[in-house]
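Residue strings, one per chain:
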Amino acid sequence: MNDMLKTTPDVSLEAAAALLAEHYGLSGTLSPLASERDQNFKVETPAGTFILKIVNAAEPAVESDFQTALLAHVDAHAGDLPVPHIRPTVTGASLARITSVNGVSHRIRLVSWVDGQPLAETDRSDAALESLGRMLGRFDAALKGFMHPGALRDLDWDIRKAGRSAERLHHVSAAEDRALLQRFLARFAKVAPRLATLRAAVIHNDANDWNVLVDPADQDRISGLIDFGDALHAPLIAEVAIASAYAGLDHADPIGAAAAIARGFHAEYPLLEEEIDLLYDLIALRLVTSVTISASRRSHTEDNPYLAISERPAWTLLRKLDRMNPRFATAILRKACGFEAAPGARAVTDWIARNRKSLAPLLERPAATYPAALVPYGDPTHPMTVKSAAEQPDEAQAIWETYCAETGVELGIGPFGEARTVYAGEMFVSRFIESARRTHHLGFDLFMAAGTKVFTPLPATVVSVEVEPDPLGYGCLIALRHEPEGCPPFVTLWGHLAHEAMGRLKAGDRLDAGALVGEMGAPAENGGWAPHLHLQLSTDTNLSATEILGVGEPRYLDVWAELFPDARTFAGIAAEFYERSGRSHEEIVKMRRELLLPNLSISYDKPIKFVRGDGVWLIDDGGRAYLDCFNNVCHIGHAHPAVVEAMTKQAATLNTNTRYLHDNIVAYAERLTATLPKELTVAGFVNSGSEANSLALRMMRAHTGRENAITLDWSYHGTTQELIDISPYKFRRKGGKGPKPHVHIAAVPDSYHAPADWPIEEHGKRFAESVAEQIAIMQAKGEGPGFFIAESIPSVAGQVFLPEGYLKEVYRLVREAGGVCIADEVQVGFGRVGSHWWAFETQGVVPDIVTMGKPIGDGHPLAAVVTTREVTDSFNNGMEYFNTFGGNPVSCAVGLAVLDVIESQDLRGNALAIGNHLMDAFRDMQTRHEVIGDVRGLGLFLGIELVTDRKTKAPATDFARAVSNGARRRGVLMGTEGPLDNVLKMRPPMIFSKRDADHLIAVLEDTFADVARTLG
Ligand SMILES: Cc1ncc(COP(=O)(O)O)c(C=O)c1O
């Protein structure tokens, strides 16, 4: 370098003008330009503006040749790039040789002048820097495949030689400055081997902001790239690093500047992830090289202002880079180029979204089941925010508690990405952007009382347990690592916990899904906040708990969102919590009143508006999830994917009627009848349970020629007039006109309410006597029964399980009298009882006709009648049977899918096991709650009868209603049933799990205790 300075050319203006005339045949105005080691003149001639370069005599010829060849290559491959173009000498040479007055030999070159203003003198907008990136990308792309011996030189400015800075460290006088440089050089030890494996090519290698020109009329546009004196065969990424190092000098957001350059470069010449991953270090190392070279030169040449020109900003930038977390800087740079902020980040969020249903609840109950509201930290003027910012957590908490008491809210939510003013302290100043603050919340807060337990949704290994003591810090902080199969590992951070976890957990401990992580801490332990859990995901598993940024700069929210994805789904919060859609409840109620039949009823005083169903859950318009223990239509779960797929696939292909041939209807009839006793071989498909029962009645009439009905008291069989006529539940209540002459009502065979003196083993026979009596009445008039119809487990009558032998006796009596037996399995069929496909099978009988509906299509309107060949033959009397929608290909596809799922997932087995578990729990409750008179159930068809007195069995109707309402308040849906409305009715979907069952049990326990307290 010293040699270079000694051999700097020293040609006068006049001599330069003479050279110009001699070698290029040009004359014009010359003015000197600054140069570190060569001598440059701006030359304005009528033929254009040029730069005359008199090359340092110490520069080896191969280097001058290299630059010349480089420019020629760019000219040939990207002629439109705004770089200097060589003007040949009068003899046609690219370079000429001269001898200066002091006898030194120099080479000279004339290149075209590139217009523009140095980037250094402009504002360096993001757009300009991106444009610079593009320019460099195009330039380097043009140099692909270019090689020259001069490109393989040994330069201290070669990024691969950054390690040499260590040898210059002693020129840096301040120990703390040396320590700073040493930190980066220590990192270089790890970077160097990776750098060696990256793509290398000839690059400009010095796109500093004096070598980059901007269009003065449009400062967002780069208009030129000049000075190829440092061009070198080097790692491609060094081009971006060097430009970024200079662009970052005195820049408020140096990583943002680098990101803009990288983005532009990547658009023209795609970078690789492993290149971008080194960028932060290479930027720093360029600066380390620069400041150590400056320091070393200053030691040799006292006070050369040119040498020190970029030293001060370079030190400032190095200190800034040193304060940053390199992983965050890298994340910003990766994201700028369209890569994931952390490798695998998107796979983590996708995995969580896909597997959300299998996550264990984070709170005692699934978080979505609590009535929730946003905590007002997004509103800077809200008193709770003001108190929190003023570090008065108790006052903030009191405000929140008052709000919860008034509104019934139980869970406060502090969303990801929320702009907050509570982050007032010094610790929230940005380390990336000058005079910016970290204001946006990157965690997901759940506010509940201090002491609320929180559990891990997935198995975990404890990474760290610590206490962060700063005011407005995390208090007790736990990091867990999760490695679910098929998902990249990720970390969860649990902040503001009580200190009890410190003694209970340590790094390396394994936690099962659902295991206790900690308790929400009181302000004294949680960093001084209203009690809450700050839950945060980190897709970068290399960050320590305290490195994970809980609050970030809004400018990089997209980066933080990948590094620290919104934990809402992991916490079990439904998307609808954030996005209310459609009309208000009041508006819908009003429109229903105006537009719909007024006698449609609405459940609950405060109606619920559901917007989504998902397995065992129904989600309302505020995102609250209710455990559906009532709706037995969505038999295998709401929105079952197999049903949705079968339905959409067939609907997208064909839907017609039974007058054309189709595979689905025969396939379905074959599968459905195979679930029934061998006598029941013929199926008819309709669209509702009512239609099924109506068709059954037509068949019955055709077969018996009779009309007389025997129906059980308090039964319901459908909505058409002929079915209302055989439904005492309807005709005996409001608006009903009592039984028609052909309708005969038999007693509900309800063992619980049987006369006390009936021996239990005689209940079947004794209750059947009521049917015999009705037959006798008919026979006394010279008539006989046309049919007997009963639900195989009377549901509307209060989940009544028939006494043993009842149907056997009744069917015998009815058949002897010439009637047919119809089993209404509309509610109880399709394996709900678990032990059998059909509830009538538990009675050991085979009906003549079975009607089915509700669960058959998992919500799709499909219903069926299955009967014997004999009945069918009678029905086939010459009149065509046609049903426009019945048995259509879409409905049959749905029916098949439902059967597939029940069979392939052994949902009958599940129903029995979970039903038994529930029955055990209910029986246990019965020992503790006097109000529980009777518990009844088989599989997932369950009832709990409530009485005010176990002896008199007087109905505890108010208690039953209060339990149903209390369960609803706690997010569990059930119903009340029976003539006195005192039976809790539960029919959860067949996929109901043990976890769901335990949830139901816990809610019932809680509700019973609560109702007992309030009702006395
Ligand atoms: C036992 C029973 N049968 C028949 C029906 C009528 O079915 P749908 O409402 O599908 O017409 C119902 C409906 O509640 C029912 O519970």
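The following refers to the structure shown. (Residues numbered from 1 in each chain as written. Predicted model: local features only at pLDDT ≥ 70, side-chain atom pairs only at ≥ 80, totals over all residues. Heavy atoms only, no water.)

Time to look at the overall build of the protein chain. The helix and strand tally for the protein chain stands at 31 helices and 39 strands. What you see for the protein chain is a C-alpha radius of gyration of 42 Å, clearly larger than the 31 Å of a compact globule of 1016 residues, by over 25%. In terms of overall dimensions, the protein chain has C-alpha extents of about 145 × 70 × 50 Å along its principal axes. Total accessible area on the protein chain is roughly 41,200 Å²; 52% of this is exposed by carbon and sulfur atoms. (Helix = DSSP H or I, 4+ residues; strand = E, 2+ residues; numbered from the N terminus. Rg over C-alpha atoms; globule rule 2.2 N^0.38 Å. Areas by Shrake-Rupley, 256 points an atom, 1.4 Å probe, with all protein chains shown as cover.)

A separate point is unusual backbone geometry. Phi is positive for serine 435, which is not a glycine, with a value near 50 degrees. Structurally, the position occupied by serine 435 is in the loop between β13 (411-414) and β14 (440-441). In this structure serine 435 comes out as exposed when scored by relative accessible area, which is 81%. Residues other than glycine seldom take positive phi values, yet alanine 639 does so here, at roughly 50 degrees. Within the fold, alanine 639 resides in the loop between β26 (625-628) and α20 (641-651). (Buried < 20%, exposed > 50% of the residue type's maximum accessible area, 1.4 Å probe, protein only.)

Spatial ordering of the open sheet is given by β24-β25-β26-β37, a layout of four strands whose pairing is mixed. Of all strands in the sheet, those with a lone pairing partner are β24 (610-614) and β37 (972-973), marking the two edges. In this sheet, β37 lies alongside β26 in parallel orientation, the contact comprising two bridges. In the sheet register, aspartate 628 faces β37, and the bridge partner there is leucine 973. (Pairing = 2+ DSSP bridges.)

Here helix α28 (residues 889-904) is 16 residues long and its end C-alpha atoms lie 22 Å apart, about the 22 Å a rise of 1.5 Å per residue gives. Within α28, 13 of the 16 residues are buried, which leaves the element mostly enclosed by the surrounding structure. A side-chain oxygen of the first residue of α28 lies 2.9 Å from the backbone nitrogen of valine 890; this N-cap is asparagine 888. (Expected span 1.5 Å × (residues − 1). Polar contact = N/O pair within 3.5 Å; in protein donor to acceptor, adjacent residues only side chain to side chain.)

Right, let's talk about the pattern of salt bridges for a bit. One pass over the full model with this rule turns up 67 salt bridges. Of the charged contacts in the structure, one is a salt bridge between arginine 107 and aspartate 65, with a shortest N-O distance of 3.0 Å. Taken together, the residues span a long stretch of sequence, with arginine 107 in strand β6 (residues 105-112) and aspartate 65 in helix α3 (residues 61-77) at a distance of 42 residues. A single network of salt bridges, built from pairs that share partners, joins Asp154, Asp156, Asp158, Arg160, Lys161, Arg164 and Arg168. (Salt bridge = Lys/Arg side-chain N within 4 Å of Asp/Glu carboxyl O.)

Picture the strands of a sheet paired through backbone hydrogen bonds; they go either parallel or antiparallel. In space, the seven strands of this open sheet follow the order β27-β33-β32-β31-β30-β28-β29, with mixed pairing throughout. Looking at strand neighbours, the two that pair on one side only are β27 (682-686) and β29 (743-746), the edges of this open sheet. Strand-to-strand twist in this sheet, taken as the mean axis angle between neighbours without regard to direction, amounts to 20 degrees. Relative to the sheet, helix α25 (residues 763-780) contacts β28 (709-712), β29 and β30 (787-791), its axis offset from that of β29 by approximately 155 degrees. (Axes fitted to C-alpha atoms, helices over the stretch in contact; angles between N-to-C directions. Contact = heavy atoms within 4.5 Å.)

In the vicinity of the ligand, the residues found are Ser688, Gly689, Ser690, Asn693, Tyr716, His717, Gly718, Glu791, Asp824, Val826, Gln827 and Lys854. Note that an oxygen atom of the ligand is positioned 2.8 Å from one of the backbone N or O atoms of glycine 689. Between the ligand and serine 690, the relevant distance is 2.5 Å, taken from an oxygen atom to a side-chain nitrogen or oxygen of the residue. Notes on the ligand: free accessible area 390 Å², of which the protein chains cover 83%. Taken together, the residues that form the shell around the ligand break down as two nonpolar, seven polar and three charged. (Near = heavy atom within 4 Å. Nonpolar A, V, L, I, M, F, W, Y, C, P; charged D, E, K, R; others polar.)

Before going further, it helps to spend a moment on the packing of helix α7 (residues 236-247) against helix α8 (residues 254-268). Running from N to C, α7 and α8 point in directions that differ by 145 degrees, and their axes come no closer than 8 Å. As α7 runs across α8, the sense of the crossing is right-handed. In this structure, α7 uses Leu236, Glu239, Val240, Ala243, Ser244 and Ala247 to contact α8, whose residues at the interface are Ala257, Ala258, Ile261, Ala262 and Phe265. Of the residues that constitute the contact of α7 with α8, the class distribution is nine nonpolar, one polar and one charged. (Left-handed = near helix turned anticlockwise from the far one by under 90°.)

Further remarks concern the pairing of strand β15 (residues 444-447). By the alternation rule, side chains of β15 split into Phe444 and Leu446 and Asp445 and Phe447, which are all buried. As paired elements, β13 and β15 share three bridges and run antiparallel to each other. Among the inter-strand pairings, glycine 412 is bridged to a residue of β15, identified as phenylalanine 447. The pairing of β15 with strand β22 (residues 533-538) spans three bridges and is antiparallel. Residue pairing in the sheet places phenylalanine 444 in a bridge with leucine 535 of β22.

Where burial is concerned, most of strand β2 (residues 39-45) is hidden: five out of the seven residues are buried. Relative to β2, strand β1 (residues 29-33) is paired through five bridges, and the arrangement is antiparallel. Within the sheet, the bridge partner assigned to threonine 29 lies in β2 and is glutamate 44. Bridge analysis of β2 against strand β3 (residues 48-54) gives seven bridges, and the strand direction is antiparallel. Counterpart to glutamate 44 in the pairing with β3 is threonine 49. Counting the residues between successive antiparallel strands, the hairpin from β2 to β3 contains two residues.

Position of threonine 1007 relative to the elements: it lies in helix α31 (residues 994-1015). Each C-alpha atom, one on threonine 1007 and one on histidine 251, is 62 Å from the other, the two residues being 756 residues apart in sequence. With residues up to four places along the chain from it excluded, the contact list for threonine 1007 reads Ala962, Val963, Gly966, Ala967 and Arg970.

To continue, consider the environment of threonine 330. Along the chain, the position of threonine 330 falls in helix α12 (residues 326-336). For threonine 330 and alanine 259, which are 71 residues apart along the polypeptide, the C-alpha to C-alpha distance reads 9.4 Å. Setting aside residues up to four positions removed in sequence, threonine 330 forms contacts with Ile276, Asp277 and Tyr280. Here the side chain of threonine 330 touches proline 326 through a polar contact of 2.8 Å, landing on its backbone oxygen.

To continue, consider helix α6 (residues 175-195). For α6, built from 21 residues, the straight-helix expectation of 30 Å at 1.5 Å per residue is met to within 8% by its first-to-last C-alpha distance of 29 Å. The sharpest bend along α6 measures roughly 40 degrees and falls at alanine 189, with the proline proline 193 sitting one to four residues further on. Against the buried residues of α6 lie α5 (165-168), β11 (232-235), α7, α10 (279-300) and α11 (311-323). (Bend = angle between axes of the 7 residues up to and from the residue.)

Inspection of every chain in the model, using the stated rule, returns 27 aromatic pairs. In this structure an aromatic cluster arises from ring pairing among Tyr377, Trp400, Tyr403, Tyr423, Phe428, Phe447 and Trp529. Across the ring face of tyrosine 752, the terminal group of lysine 953 is positioned such that the distance to the ring centre comes to 4.2 Å. (Phe/Tyr/Trp six-rings, centres within 6.5 Å; stacked < 30°, edge-to-face > 60°. Lys NZ or Arg CZ within 6 Å of the ring centre and 35° of its normal.)

Turning next to the nonpolar core. Leu70, Leu318, Leu321 and Trp560 are the most contacted members of the largest nonpolar core, which has 114 residues in total. Ranked by residues supplied to this core, first place goes to α10 with 11 residues. Residues within four places of tryptophan 560 in sequence aside, it is in contact with Phe328, Ile332, Phe416, Phe432, Leu442, Leu549, Gly552, Glu553 and Pro565. (Core = buried A, V, L, I, M, F, W, Y, C linked by side-chain atoms within 4.5 Å.)

Now for the side chain of arginine 987. One can find arginine 987 in the loop between β39 (983-986) and α31. Although arginine 987 is buried, it forms no salt bridge, and the closest oppositely charged side chain is glutamate 977 at an N-O distance of 5.9 Å. Looking at arginine 987, its side chain comes within polar contact range of the main-chain oxygen of phenylalanine 630, at 2.7 Å. (Lys, Arg positive; Asp, Glu negative; His and termini not counted.)

With that settled, consider a nonpolar patch on the surface. Together, Leu595, Leu596, Leu597 and Leu600 make up an exposed nonpolar region whose accessible area comes to about 420 Å². Relative to the helices and strands, leucine 595 is located in helix α19 (residues 585-595). Taking the relative accessible area as the measure of exposure, leucine 595 reaches 61% and is therefore exposed. (Patch = residues over 30% accessible without salt bridge, like charges linked within 9 Å, V, L, I, M, F, W, Y side chains within 5 Å.)

Honestly, it's all geometry; don't read function into it.
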